[in-house]
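Descriptive structure summary
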Amino acid sequence: MKVVAFNGSPRTKGNTYEAIKMVAREIEKEGVDVEIIDVGSKQVSGCTACYKCVDNKDGTCIIKNDPVNEWIGKMKEADGIILGSPVYFGGVTGSMKCFLDRAFLVGFVNDGMLRHKVAATVVTLRRSGGMPTLNELNQFATNVEMILAPGNYWPLIYGEHPGEVQQDKEGRQILEMLGKNTAWLLKLIDNGKGTVNEPALPEKVWMNFIR
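First, a word on what this report is: a plain description of the structure on this page. Because the structure is a prediction, the values reported are computed rather than measured. (Residues numbered from 1 in each chain as written. Predicted model: local features only at pLDDT ≥ 70, side-chain atom pairs only at ≥ 80, totals over all residues. Heavy atoms only, no water.)

A separate point is the pattern of salt bridges. If you walk through the whole model with that rule in mind, you get 8 salt bridges. In this structure, Lys97 and Asp101 form a salt bridge, with 2.9 Å as the shortest nitrogen-oxygen distance. Of this pair, Lys97 and Asp101 both sit in helix α4 (residues 94-109), separated by 4 residues, roughly a single helical turn. Looking at Asp101, the relative accessible area reads 26%, which means it is partly exposed. Taken together, the salt bridges that share partners define one network made up of Lys2, Glu35 and Lys74. (Salt bridge = Lys/Arg side-chain N within 4 Å of Asp/Glu carboxyl O. Helix = DSSP H or I, 4+ residues; strand = E, 2+ residues; numbered from the N terminus. Buried < 20%, exposed > 50% of the residue type's maximum accessible area, 1.4 Å probe, protein only.)

This is the structure in structure tokens:
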């Protein structure tokens, strides 16, 4: 099994990276590989609402001048996905938002591409804005029917300068439990294949309230 983690911080080895590693170490203890990809340090184009991904349904975004399609491929191959971001003005970072908008739209319109994969979300912050940022990450995951792994509290961890998250003892425990629960869910799903049938994927109903 394989997990891919996306670090939305421009600081490639900052607190968000450290937080993701806390989760990843517990997953790796259970024999699951974890790859961490830096998103926040890359130049990523935003979604242009061209809807070519809807028309083509080939599992890619029409924009080819950045690594997003490569990352989408890794998401498709992975059994679990970790999304991590620091708080920027009460939300995820700009590059992370651009990536998530495009990747999850591709996942949404390509029926079942991300469905029932395990998702874990992590937020680092100095002081406030953690819950709106966490909810933003969670909404991407649940919108495509991913299965959200829990910690033993909301997966927020505090620190300003790189390395300070190590001082948040409760935050560290939360993220370690998040890693343990992620590995557990991955194994449950893997062991249930061929034994417990997934709910059938229905044809999506679209409703526009403007008449």
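This paragraph deals with the nonpolar core. Nonpolar side chains in soluble globular proteins tend to end up buried together. Grouped together as the largest cluster of nonpolar side chains are 37 residues, with contacts concentrated most on Phe6, Met96, Phe99 and Phe104. Counting only elements with at least two residues in this core, the list comes to β1 (2-7), α3 (68-77), β3 (80-86), α4, β4 (118-125) and α5 (130-143). Residue contributions to this core peak at 8 residues, all from α4. Once residues lying within four places of it in the same chain are set aside, the contact partners of Met96 are Phe6, Gly8, Val39, Leu83, Gly84, Ser85 and Leu137. (Core = buried A, V, L, I, M, F, W, Y, C linked by side-chain atoms within 4.5 Å. Contact = heavy atoms within 4.5 Å.)

Functional significance is not addressed by these values, which are geometric in nature.
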